[in-house]
Amino acid sequence: MRLCLSLLAAGFAVTTIHSTAAAAGRKNVLLVVGDDLGLQLGCYGDRSAKTPHLDALASSATRFTHGFASVA
């Protein structure tokens, strides 16, 4: 539940940051990291995940499907 709330809060924050950076003509980088989170988001095709804000953000962003890390 905390992860979902954190991701939703990040989605709201990104909307504000995106509009500010767009006005300034700068590019933004947002890295969303969830411990032990795989492709369990709506934007990756999971039909049971309810992540509308992240899905909206992902629709105009670059998503990585083959990222690996040696630590969590």
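What you are looking at is a predicted structure, and each value in this text was computed from that prediction instead of being measured. (Residues numbered from 1 in each chain as written. Predicted model: local features only at pLDDT ≥ 70, side-chain atom pairs only at ≥ 80, totals over all residues. Heavy atoms only, no water.)

Enquirer: Is there a simple way to explain the overall build of the protein in this structure?
Expert: Looking only at helices and strands, one finds two helices and zero strands in the protein. Expressed as a percentage of its 72 residues, the buried residues of the protein come to 15%. Working note: accessible area of the protein is about 6000 Å², and carbon and sulfur atoms make up 60% of it. (Helix = DSSP H or I, 4+ residues; strand = E, 2+ residues; numbered from the N terminus. Buried < 20%, exposed > 50% of the residue type's maximum accessible area, 1.4 Å probe, protein only. Areas by Shrake-Rupley, 256 points an atom, 1.4 Å probe, with all protein chains shown as cover.)

Enquirer: Looking at this structure, how should I read the side chain of Thr51?
Expert: In this fold, Thr51 is placed in the loop between α1 (2-24) and α2 (52-59). Its relative accessible area of 13% is what places Thr51 among the buried residues.

Enquirer: Explain the environment of Cys43 here, please?
Expert: Relative to the elements of secondary structure, Cys43 occurs in the loop between α1 and α2. For Cys43, the residues in contact, after removing those within four places along its chain, are Asp55, Ala58 and Arg63. (Contact = heavy atoms within 4.5 Å.)

Enquirer: Sorry, what's going on with the environment of Pro52 here?
Expert: Position of Pro52 among the secondary structure elements: in helix α2. Between the C-alpha atom of Pro52 and that of Gly42, which follows or precedes it by 10 residues, the distance is 7.4 Å.

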